[in-house]
Amino acid sequence: MAKTKELSKDTRNKIVDLHQVGKTESAIGKQLGLKKSTVGAIIRKWKTYKTTDNLPRSGAPRKISPRGVKMITRTVSKNPRTTRGDLVNDLQRAGTKVTKPTISNTLRRQGLKSCSARRVPLLKPVHVQARLKFAREHLDDPDEDWENVIWSDETKIELFGKNSTRRVWRTKNAELHPKNTIPTVKHGGGNIMLWGCFSAKGPGRLIRVKERMNGAMYRARALKMKRGWVFQHDNDPKHTARATKEWLRKKHFKVLEWPSQSPDLNPIENLWRELKVRVAQRQPQNITALEEICMEEWAKIPATVCENLLK
């Protein structure tokens, strides 16, 4: 049966006005070209509720009972990596048959949304304390200090690979809670290794590392720094080796003390992301093209991007 067209607010108000001046339902219907039953329904609503506006509709009853909602909310709170399929099965065992979209809608009403789990460094208590110490020591450093730091790191860029994701149920602003993240170790795969550096002035050198870099190779790079600048690198063994420390001392390079397992504190990670997005858009088809495109896109990154990362 076709759904009848809803009367406009003006028409409903006109029905009430005609009723108030003493016209019958039949007469109103003929004058406005409406069925007597329609006119009667509008008049009854006005008498009961003192309005002709549409009233809130109750809608269909929820498929999941309040008890079921508590059960699935408790489940994903304990284990955010629970899938919708797992929850469908849990409810089915409890006697309630629902679909995956119903699960999503129900949890969304509880403030929980399915999101990709963030990948973060695997931290031990000693790492946590070192990171906190670093943050406290540099909390009040002026902006000028960070503008005089050269940030460096290595990364691997894949030719065709796609990083896998896991979804978790979490509330807003809880993306970095340990339950909602995936611990990672460095350099989890890829086709070419790059070493690069940058500062607030813009991108610095970018070098392809064609074999495993050792301390001697690391020290062989022609890195130039102005007096008063600070060099940042992580605690990789080739960086902390006695020979490397002596080389840095002879070069008169001041080195920023760096907490272990803290790539997320290094703004170059954001610059690597910028580079990888740019490279992916150009779709290199082989390793040679991948290297060439990396160099080209690195050189194109505006200094304003680097400056904003440090800010």
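This one's a predicted model, so the numbers in the text were calculated from it and none came from an experiment.

Cut-offs applied
- Residues numbered from 1 in each chain as written.
- Predicted model: local features only at pLDDT ≥ 70, side-chain atom pairs only at ≥ 80, totals over all residues.
- Heavy atoms only, no water.
- Patch = residues over 30% accessible without salt bridge, like charges linked within 9 Å, V, L, I, M, F, W, Y side chains within 5 Å.
- Areas by Shrake-Rupley, 256 points an atom, 1.4 Å probe, with all protein chains shown as cover.
- Salt bridge = Lys/Arg side-chain N within 4 Å of Asp/Glu carboxyl O.
- Lys, Arg positive; Asp, Glu negative; His and termini not counted.
- Charge placed at Lys NZ, Arg CZ, Asp CG, Glu CD.
- Helix = DSSP H or I, 4+ residues; strand = E, 2+ residues; numbered from the N terminus.
- Buried < 20%, exposed > 50% of the residue type's maximum accessible area, 1.4 Å probe, protein only.
- Domains from an automatic or database assignment.
- Phe/Tyr/Trp six-rings, centres within 6.5 Å; stacked < 30°, edge-to-face > 60°.
- Lys NZ or Arg CZ within 6 Å of the ring centre and 35° of its normal.
- UniProt positions renumbered as here; feature names shortened; annotations may be inferred.
- Pairing = 2+ DSSP bridges.
- Contact = heavy atoms within 4.5 Å.
- Axes fitted to C-alpha atoms, helices over the stretch in contact; angles between N-to-C directions.

Draft legend 1. Geometry of a positive patch on the surface. There is a patch of like positive charges on the surface, built from Arg 84, Lys 100, Arg 108, Lys 113 and Arg 167. You can see Arg 167 is positioned in strand E4 (residues 167–170). Look at Arg 167 and you get partly exposed, because its relative accessible area is 46%.

Draft legend 2. Spotlight on the domain arrangement of the protein. In terms of domain boundaries, the protein breaks down into domain 1 (9–49), domain 2 (66–110) and domain 3 (126–309). Relative placement of domain 1 and domain 2: their C-alpha centres are 48 Å apart.

Draft legend 3. Looking closely at the packing of aromatic side chains. Scanning the model with the defined rule gives 5 aromatic pairs in all. Grouped by ring-pair contacts, the aromatic residues Phe 134, Trp 146, Trp 151 and Trp 258 constitute a single cluster. The residue whose ring lies beneath Lys 50 is Trp 46, and the NZ or CZ to ring-centre distance is 5.2 Å.

Draft legend 4. Region of interest: the UniProt feature "domain: Transposase Tc1-like" (unreviewed entry) in the protein. Within this structure's numbering, the places UniProt gives as "domain: Transposase Tc1-like" (unreviewed entry) are residues 71–140. Taken end to end, residues 71–140 comprises 60% helix and 11% strand; its first and last C-alpha atoms sit 46 Å apart.

Draft legend 5. Seen up close, a negative patch on the surface. Together, Asp 143, Glu 144, Asp 145 and Glu 147 line one region of the surface with negative charge. Position of Asp 143 among the secondary structure elements: in helix H8 (residues 143–147). Residue Asp 143 is classed as exposed on the basis of its relative accessible area of 54%.

Draft legend 6. Highlighting the sheet that holds strand E6 (residues 192–199). Here 5 strands make up an open sheet; going across it, the order is E7-E6-E3-E8-E9 and the pairing mixed. The sheet is open, and its two edges are formed by strand E7 (202–209) and strand E9 (254–255), each paired on a single side. Taken together, the 2 bridges between strand E8 (residues 230–232) and E9 define a ladder with parallel strand orientation. Following the sheet pairing, Phe 231 is matched in E9 by Val 255. Of the strands in this sheet, strand E3 (149–157), E6 and E7 touch helix H13 (residues 287–300), which is tilted by about 165° from E7.

Draft legend 7. Summary view of the pattern of salt bridges. In total, this model carries 16 salt bridges according to the counting rule given. Residue Arg 282 is joined to Glu 297 by a salt bridge in which the shortest nitrogen-to-oxygen separation is 2.9 Å. Of this pair, Arg 282 sits in helix H12 (residues 268–282) while Glu 297 sits in helix H13, placing them 15 residues apart in sequence. Relative accessible area serves as the criterion here: at 37%, Arg 282 is assigned to the partly exposed category. Judged by its relative accessible area of 6%, Glu 297 falls in the buried class. Each of Glu 274, Arg 278, Arg 282, Glu 296, Glu 297 and Lys 300 takes part in salt bridges that share partners, so that together they form one network.

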